[in-house]
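Coordinate inspection notes
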Amino acid sequence: MSPFLDLPPLGAAQFAAIEDKVAALLHTTADVIITQGEALLPLEAAIRGAAHPGSTALNIVTGPYGQTFGNWLRDCGAEVVDLAVPFDSAVTAAQVAQALRAAPEIDFVSLVHAEAATGNTNPVAEIAAVVRAHGALLMLDAVASVAAEPLLTDAWGVDLCVIGGQKAMGGPAGVSAVSVSGRAWERIAANPAAPRRSYLSLLDWKERWTDAGRTVLPHAPAQLEMLALDACLDRIAADTLDATIARHRAAAAATRAGIRALGTLTPFVPADGHAAPVATTLRTPPGLDAAGLAAGLDPALPVQAGGGALAAGMLRVNHYGRNASPEVVQDCLTAFGEALLATGADADVPTATAAAAAAWRAAGGPTG
Ligand SMILES: *Cc1c(COP(=O)(O)O)cnc(C)c1O
């Protein structure tokens, strides 16, 4: 008998308890709305709730998700100022401050914390301080940073913090969540264009669920995904969030050190301080097709070619969730080395795996 069949509906008390665990994970006392869909759902809901004709948004583009947000913001009739930086670097708080000074009417800022697709991460604490001083609302896509690096929603002043379970949490992709600050609720409630009576409506959830005391669920929750989300929250709590973060940091450090020792491939994000703990992206040299190399690897390895225009020249090691382990990093380095040697390129596998092991230890990665 499959444990996934004939499930009883998830009760309101259980649903509320899972929301509370997400709030604890995000270090927030704000309302947390769990959304029944992949993380693009709350990201779109947050933007459609806050943006409207007459508002001006600063959209910080450090990878492909920033481009998506800009399209939604324009779709909502907002004026959009794009601040784009090369996808192999991070945006600085000084750049954000300059953009805000140049357009004082900006009242909303969208930012991605870590970008799994490009392997970079942004200094949210400093950026949020600048945004708060300006008085704008800050939406953060923390899907690829939650459980992989510190995420201090309230202390930093993030108004809308969006997460999904499928990256470092090692959980399901089918549910996601957004925390909504009091300021964000005021703004959404005052927005005549905010979705109502809609699957994208955060206000509907607030009125029918959160403000109603969380006793009656407005819709049947996706119980399978909710149970999986609950299980991964419990696992993070049991392992401790700090240890989960340390494991991801160590995986990134070990992969980067291993690749530098291996030769031929290089980290796509050159500066260690800009590299995301969730995934490491690699540049292949001209003439070496990344998609072809990835296609020849053991499909069990968490490696894929870059998306879209990056497919020819980028490899991505998704060392998140259970794959944030020293064994998986070693296996990826060995596989890269063998594939490179087969093409006639240089690769030093023993030096690479030794460098990765040393970097794992130096980064404080859990051992044993
Ligand atoms: C993975 C990720 C998401 C979720 O989107 P998918 O397209 O389903 O992977 C959203 N934002 C960021 C920054 C991500 O890395």
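The protein is annotated in an unreviewed UniProt entry as Aspartate aminotransferase from Kitasatospora indigofera. The Cofactor (unreviewed entry) comment attached to the protein in UniProt states, word for word, "pyridoxal 5'-phosphate". As recorded by UniProt, the Sequence similarities (unreviewed entry) comment attached to the protein reads in full: "Belongs to the class-V pyridoxal-phosphate-dependent aminotransferase family."

Attention now goes to the sheet that holds strand S13 (residues 314-317). Taking strand neighbours across the sheet as the criterion, the 4 strands line up as S10-S11-S13-S12 in an open arrangement whose pairing is antiparallel. Two strands bound the open sheet, and with one partner strand each, they are strand S10 (266-267) and strand S12 (303-305). Bridge count between S12 and S13: 3 bridges; the pairing is antiparallel. Directly across from Gln304, in S13, lies its bridge partner Arg316. Contacts from helix H12 (residues 326-342) reach strand S11 (280-283), S12 and S13 within the one sheet, and its direction differs from that of S13 by about 155°.

This part takes up the site of the ligand. Surrounding the ligand, one finds Glu38, Leu40, Tyr65, Val112, Ala114, Ala116, Asp141, Val143, Ala144, Gln166 and Lys167. At 2.3 Å from an oxygen atom of the ligand is found a side-chain nitrogen or oxygen belonging to Glu38. Between the ligand and Lys167, the relevant distance is 2.7 Å, taken from an oxygen atom to a side-chain nitrogen or oxygen of the residue. Along the lines of polarity and charge, the residues of the shell around the ligand split into 7 nonpolar, 1 polar and 3 charged.

What follows deals with the side chain of Ser181. Secondary-structure assignment places Ser181 in the loop between strand S9 (176-180) and helix H7 (182-189). The class for Ser181 is buried, based on a relative accessible area of 13%. Here Asp159 takes part through its side chain, which lies 2.8 Å from a polar atom of the side chain of Ser181. In contact with Ser181, not counting residues within four places along its chain, are Ala30 and Asp159.

This part is about the domain arrangement of the protein. Here the protein is partitioned into domain 1 (12-238) and domain 2 (240-362). Computed from C-alpha coordinates alone, the two centres of domain 1 and domain 2 are separated by 29 Å. The interface of domain 1 with domain 2 comprises 25 residues on the first partner and 23 residues on the second. Regarding the contact of domain 1 and domain 2, the summed buried area is about 1900 Å², with carbon and sulfur atoms giving 63% of it. Of all residues in domain 1, Asp88, Gly119 and Ala148 give up the largest surface area on contact with domain 2, accounting jointly for 24% of the area buried on that side. For the pair domain 1 and domain 2, the number of links is 1 salt bridge. With a shortest N-O distance of 3.2 Å, Asp88 and Arg283 are connected by a salt bridge. Put simply, domain 1 and domain 2 have 8 residue pairs in polar contact (both at pLDDT 80 or more) between them. Elements with a contribution of two residues or more to the side of domain 1 that touches domain 2: strand S6 (120-121) and helix H9 (223-239). Looking at the side of domain 1 that touches domain 2 residue by residue, the classes come out as 14 nonpolar, 8 polar and 3 charged.

Once that is clear, we can look at unusual backbone geometry. Even without being a glycine, Arg214 presents a positive backbone phi close to 55°. With respect to the element layout, Arg214 can be found in the loop between helix H8 (202-210) and H9. Take Arg214: its relative accessible area is 24%, and that puts it in the partly exposed class. In this model, Thr264 sits at a positive phi of 70°, which is unusual for a non-glycine residue.

A few words now on the packing of helix H10 (residues 241-262) against H12. Between two packed helices, the angle of one axis relative to the other and the distance separating the axes together describe the packing. At their nearest, the axes of H10 and H12 sit 10 Å apart, and the two run at 25° to each other. Relative to H12, H10 is oriented roughly parallel. Relative to H12, the crossing made by H10 is right-handed. For the pair formed by H10 and H12, the contact residues are Ala251, Ala254, Thr255, Gly258, Ile259 and Leu262 on the first element and Val329, Leu333, Phe336, Gly337 and Leu340 on the second. For the contact of H10 with H12, the class distribution of residues is 8 nonpolar, 3 polar and no charged.

Before going further, it helps to examine the UniProt feature "modified residue: N6-(pyridoxal phosphate)lysine" (unreviewed entry) in the protein. As annotated by UniProt and renumbered to match this structure, "modified residue: N6-(pyridoxal phosphate)lysine" (unreviewed entry) occupies Lys167. Looking at the secondary structure, you find Lys167 in the loop between strand S8 (160-164) and S9. Residues in contact with Lys167, not counting those within four places in the same chain, are Ala116, Val143, Ala144, Val278, Tyr320 and Gly321.

Here is what the cut-offs are and how they apply
- Residues numbered from 1 in each chain as written.
- Predicted model: local features only at pLDDT ≥ 70, side-chain atom pairs only at ≥ 80, totals over all residues.
- Heavy atoms only, no water.
- UniProt positions renumbered as here; feature names shortened; annotations may be inferred.
- Pairing = 2+ DSSP bridges.
- Helix = DSSP H or I, 4+ residues; strand = E, 2+ residues; numbered from the N terminus.
- Contact = heavy atoms within 4.5 Å.
- Axes fitted to C-alpha atoms, helices over the stretch in contact; angles between N-to-C directions.
- Near = heavy atom within 4 Å.
- Polar contact = N/O pair within 3.5 Å; in protein donor to acceptor, adjacent residues only side chain to side chain.
- Nonpolar A, V, L, I, M, F, W, Y, C, P; charged D, E, K, R; others polar.
- Buried < 20%, exposed > 50% of the residue type's maximum accessible area, 1.4 Å probe, protein only.
- Domains from an automatic or database assignment.
- Buried area = accessible area lost by both parts, 1.4 Å probe.
- Salt bridge = Lys/Arg side-chain N within 4 Å of Asp/Glu carboxyl O.
- Parallel < 35°, antiparallel > 145°, perpendicular 65-115°, else oblique.
- Left-handed = near helix turned anticlockwise from the far one by under 90°.

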